[in-house]
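Descriptive analysis of the structure
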Amino acid sequence: MTGQVCIVTGSNRGIGKEVALSLAARGARVVIACRDVSAGARVIEEAKDTVIQRSPPAPALHTTSKGEGEGGASKQASVEGKGKGNGTSVSAQGQKGEEGLSRTDSTAAAAGPSGGTAFRLAGRLEVLPLDLGDLGSVSAFVSSFKAKYGGQLDVLVCNAGVMAPPHTLTKDGHETQFQANYLGHFLLTLLALPMLHASAFAPRVVNVSSSLSYQHRSVRYALSLLSLSRVRLDY
């Protein structure tokens, strides 16, 4: 995912944190969008000594002539080397994953082995404040993000949410859980769509939700009404 820019809401802990770290390990630049900025900063601090090693590309497949047989020349394919190609599998303790990435804890990041590359995980992460319970904060977040990343956005992961808080209303006049889990993310997605449409990659919106949502077909129908064009919606 090198070259891609991702936003993961609520990625200061839990599922969102692991998603953010995984995307960063695959080369993406990831914005940790959360209400508690200090918690987001701790995620980056924890990752400061983690170095991601990338294996070099696998050698090309060459064909060599082995002489002429009856009816014409015969050729046999030979492979010079058995290296793994660049990929997205990450394993701990510095052992290579199945597709060429390994994660190690080290205080030095330099060229990887055999011509591979290495980068610090923390260098791919940044935290920006986002309070989904405040629609003004959502708009301000998008403005800050555009200024910081030049309007490039390739993946939006709507992960943040609250569960069964005391019944209160937000400053916008909506029930807290409904706004934090749905209205805030709806506005964020709506404001992000122009950037996603302009993506040079295959843009994607991922909505993380409880399996209970599948019992409410009205939610799926409402989402289907969004004009997402080439943006893939996973929910």
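Bear in mind the structure is a predicted one, so any value in this text is a computation, not a measurement. (Residues numbered from 1 in each chain as written. Predicted model: local features only at pLDDT ≥ 70, side-chain atom pairs only at ≥ 80, totals over all residues. Heavy atoms only, no water.)

Section: the overall build of the protein
Helix and strand content of the protein: five helices and eleven strands. When burial is assessed residue by residue, the protein has 37% of its 235 residues classed as buried. Within the protein, counting contacts between residues at least 6 apart in sequence, those at least 24 apart form 69% of the total. (Helix = DSSP H or I, 4+ residues; strand = E, 2+ residues; numbered from the N terminus. Buried < 20%, exposed > 50% of the residue type's maximum accessible area, 1.4 Å probe, protein only. Contact = heavy atoms within 4.5 Å.)

Some thoughts on the confidence of the model for the protein
Chain-level pLDDT for the protein is 76 on average; 63% of the residues reach the 70-or-more range. Mean pLDDT in the protein bottoms out at strand 5 (residues 72–79), which sits at 40, and peaks at strand 1 (residues 5–9), which reaches 97. With pLDDT under 50 throughout, residues 67–100 is counted as low confidence; its partners more than four residues away or in other chains account for 71 contacts. Low pLDDT, under 50, characterises residues 104–115; the predicted model gives this stretch 26 contacts beyond four residues in sequence or across chains. (pLDDT = per-residue confidence, 0-100.)

Comments concerning the layout of surface pockets
Space inside the second largest pocket adds up to approximately 480 Å³. What lines the second largest pocket is a set of 22 residues, among which Gly10, Arg35, Ala160, Gly161 and Val162 lie closest to the centre. Counting residues per element, the ones that place at least two in the lining of the second largest pocket are helix 1 (14–25), strand 2 (29–34) and helix 4 (176–197). Per-element accounting of the lining of the second largest pocket gives the leading share, three residues, to helix 1. Class assignment for the residues of the lining of the second largest pocket results in eight nonpolar, ten polar and four charged. (1 Å grid on protein atoms, 1.4 Å probe; cavity = no way out; pocket = protein on both sides within 12 Å on 5 of 7 lines; lining within 4 Å. Points joined across faces, edges and corners; volume = space filled by probe spheres on them. Nonpolar A, V, L, I, M, F, W, Y, C, P; charged D, E, K, R; others polar.)

Here's the deal with the side chain of Gln179
Along the chain, Gln179 turns up in helix 4. If sequence neighbours within four positions are ignored, Gln179 has contacts with Leu132, Gly133, Asp134, Leu135, Thr170, Asp172, His174 and Gly184.

Comments concerning helix 1
When the terminal C-alpha atoms of helix 1 are compared, their 17 Å separation across twelve residues agrees well with the 16 Å that a helix rising 1.5 Å per residue should span. Of all the residues in helix 1, the buried ones are Gly16, Lys17, Ala20, Leu21, Leu23, Ala24 and Ala25. (Expected span 1.5 Å × (residues − 1).)

Points about the pairing of strand 8 (residues 125–129)
Counting buried positions over the five residues of strand 8 gives four, a clear majority of the element. In terms of strand pairing, strand 2 meets strand 8 through five bridges, oriented parallel. Counted as the bridge partner of Ala33 is Leu128 from strand 8. (Pairing = 2+ DSSP bridges.)

What about the packing of aromatic side chains?
Considering all chains together, one arrives at three aromatic pairs under this definition. Relative to Phe145, the ring of Phe141 has its centre 6.4 Å away and its plane inclined at 25°; by these criteria the two rings are stacked. Taken together, the residues span about one helical turn, with Phe141 and Phe145 both in helix 3 (residues 135–149) at a distance of four residues. Phe145 gets classed as buried once you look at its relative accessible area, which sits at 0%. For the ring pair Phe145 and Tyr149, a centre distance of 5.0 Å and an interplane angle of 25° mean the geometry is stacked. Taken together, the positions of Phe145 and Tyr149, both in helix 3 and four residues apart, correspond to about one turn of that helix. Taken together, the ring pairs in this structure connect Phe141, Phe145 and Tyr149 into an aromatic cluster. The ring of Phe119 carries Arg124 above its face, with NZ or CZ at 4.1 Å from the centroid. (Phe/Tyr/Trp six-rings, centres within 6.5 Å; stacked < 30°, edge-to-face > 60°. Lys NZ or Arg CZ within 6 Å of the ring centre and 35° of its normal.)

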